[in-house]
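Next come the chains, spelled out residue by residue.
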Amino acid sequence: MAHDKDARTSTDTLSVNLGPRSYDILVGENLLETAGTHIRPLLAQPRVVVITDANVAQHCLPALETALGRAGIIHDSIVLPAGEHTKDLAHLGDLTDRLLDSRVERATTLIALGGGVIGDITGFAAAILLRGLDFIHIPTTLLAQVDSSVGGKTGVNTRHGKNLLGAFHQPRLVLADVGTLETLDRRHFLAGYAETVKYGLLGDAQFFSWLETTGADLCAGDRAAQRHAVLTCCAAKASIVAEDERESGRRQLLNLGHTFGHALEAQTGFTGALLHGEAVAIGMVLAFELSVRLGLCPPNDAERARRHLAERGLPMSLAELSGPAWTADDLFAHMLHDKKARDGRPTLVLVRGIGQAFTTRDVHAETIRALLDDALIG
Ligand SMILES: NC(=O)c1ccc[n+]([C@@H]2O[C@H](COP(=O)([O-])OP(=O)(O)OC[C@H]3O[C@@H](n4cnc5c(N)ncnc54)[C@H](O)[C@@H]3O)[C@@H](O)[C@H]2O)c1
């Protein structure tokens, strides 16, 4: 993986090496304002359609439209409602119809301007429309900058669960401008911070230690710290995706906390009562706790992980979230609906310590249920 730094603009460039589907990730500031110059050389025709949501449109769309206009790129914009409920078949159908109404052609490029929701639905629309359009992602949430904009997983939710319809479709470019994070609300910022911490916990103990000392500044708006974190996470993801694009091996490690997390999100009915990153934070703590119970992980490492996430303000207690209605059986049933479950067993990412994740399907259902039971009691 190549990494270049442009000293004048303080922009870092990483590449995701996937042969003919390789692409760059630019990490820096003021990338919205300079987007046109980065995007223009990649376009098969000087026309793009920007897809965004109502919140992001307010904060980021004018600057992007100006930049596209300055670079001589013809552009339309489609503004979707904000929130996870937009990531469904109804909105996908509406989006693809509106794109067809606007007479997109095979050579038209879509731009996803927004967080993980906009990235996932736009990427999926790009994958299926006219059998495949190019798309570019300009992630505007911390979660999307450190994780979801890289790697080409696209899709929508169905009533059966999250991301059950989708495709692998890599973007042509990712522009991660940390300046856009300034307007992100605290709760969504922290949810993205959980995914940031995930990269330390799964494979980079040094990065986790750095977060222990710098995380407070990063969350308080320190842009240099944010750039370093985005760059570190994107470099890790780029390397993993280049090795295992379709998640048959090492890429599964990125699901640390996700099997538990998806079960929690499903239990809340994807209402937004629990954000994806919040669910992942609790899921990572459960994965560490399970690893300790199985004698795999030193208790002190689990405590460090839990303490760091809690200190930053992420929800930790399943008991507080759940109310009386949730049962371990319900949560376990959701875990079995996860895409990665096989032969009635969930695939879990467990740890031998901070930075040492591995996958397994060898944990007995009873052990998982007992863990969930205890977590629900608090
Ligand atoms: N494709 C992947 O690899 C992958 C990985 C992780 C998560 N995801 C998906 O990502 C989604 C969650 O992403 P998210 O947390 O970015 O959610 P999101 O896209 O819903 O954004 C969160 C909220 O922040 C607002 N927002 C976004 N940018 C803003 C900005 N700069 N200023 C002000 N408000 C802003 C949005 O309007 C929204 O209300 C989930 O659907 C999850 O499944 C996908």
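Here, the structure is the one placed above.
Residues numbered from 1 in each chain as written. Predicted model: local features only at pLDDT ≥ 70, side-chain atom pairs only at ≥ 80, totals over all residues. Heavy atoms only, no water.

### Re the packing of aromatic side chains
Going by this rule: Ring pairs shown here join Phe, Tyr and Trp side chains whose ring centres sit within 6.5 Å, with only the six-membered ring taken for Trp; geometry is labelled stacked below 30 degrees between planes, edge-to-face above 60, and tilted in between. Put simply, DSSP H or I for four residues or longer makes a helix, DSSP E for two residues or longer makes a strand, and each gets a number counted from the N terminus. Counted as over-ring charges are cases with an Arg CZ or a Lys NZ within 6 Å of the ring centre that also lie within 35 degrees of the ring normal.
Overall, the coordinates contain one aromatic pair when judged by the stated rule. With centroids separated by 5.8 Å and ring planes inclined at 15°, the aromatic side chains of F207 and W210 adopt a geometry described as stacked. One end of the pair is F207 and the other is W210, both in helix 7 (residues 205-220) and three residues apart, which spans about a single turn. In this arrangement the basic side chain of R352 is found over the ring face of F358, its NZ or CZ atom lying 3.9 Å from the centre.

### Some remarks on the sheet that holds strand 7 (residues 134-139)
Backbone hydrogen bonds are what pair the strands of a sheet, in a parallel or an antiparallel way. Applied cut-off: Note on pairing: two strands pair once DSSP finds at least 2 bridges between them. Lines are fitted to the C-alpha atoms to define the axes, a helix being fitted only along its stretch in contact, and any angle between axes, read from their N-to-C directions, falls within 0 to 180 degrees. Every residue pair with non-hydrogen atoms within 4.5 Å of one another is taken to be in contact.
An order of 1-2-3-10-7-6-4-5 is seen for the eight strands of this open sheet, with the pairing classed as mixed. The sheet terminates laterally at strand 1 (3-6) and strand 5 (74-80), the two strands that pair on one side only. Each adjacent strand pair in this sheet contributes to an overall mean axis angle of 20°, direction not counted. The pairing of strand 2 (residues 11-16) with strand 3 (residues 23-28) spans five bridges and is classified as antiparallel. Bridged to V16 within strand 3 is Y23. In the packing of helix 2 (residues 54-70) onto the sheet, the strands contacted are strand 4 (47-53), strand 5, strand 6 (109-114) and strand 7, and the crossing angle to strand 4 comes to about 160°.

### Observations concerning the environment of P46
The line we're drawing: Here's how the labels work: a residue is buried when its accessible area is under 20% of the maximum for its type, exposed when over 50%, partly exposed in between, all with a 1.4 Å probe on protein chains only.
Mapped onto the fold, P46 is located in the loop between helix 1 (35-39) and strand 4. Overall, P46 belongs to the partly exposed group, its relative accessible area being 32%. Those residues in contact with P46, other than ones at most four positions away along the chain, are R40, G72, I73 and I74.

### Brief notes about the pairing of strand 5
Stated precisely, the cut-off is as follows: Handedness rule for crossovers: strands pointing away from the viewer, path from the first strand over the helix to the second running clockwise, crossover right-handed.
Strand direction decides the pairing type here: strand 4 and strand 5, joined by seven bridges, are parallel. Bridged to V50 within strand 5 is S77. Tracing the backbone out of strand 4, into helix 2 and back to the parallel element strand 5 gives a crossover that is right-handed.

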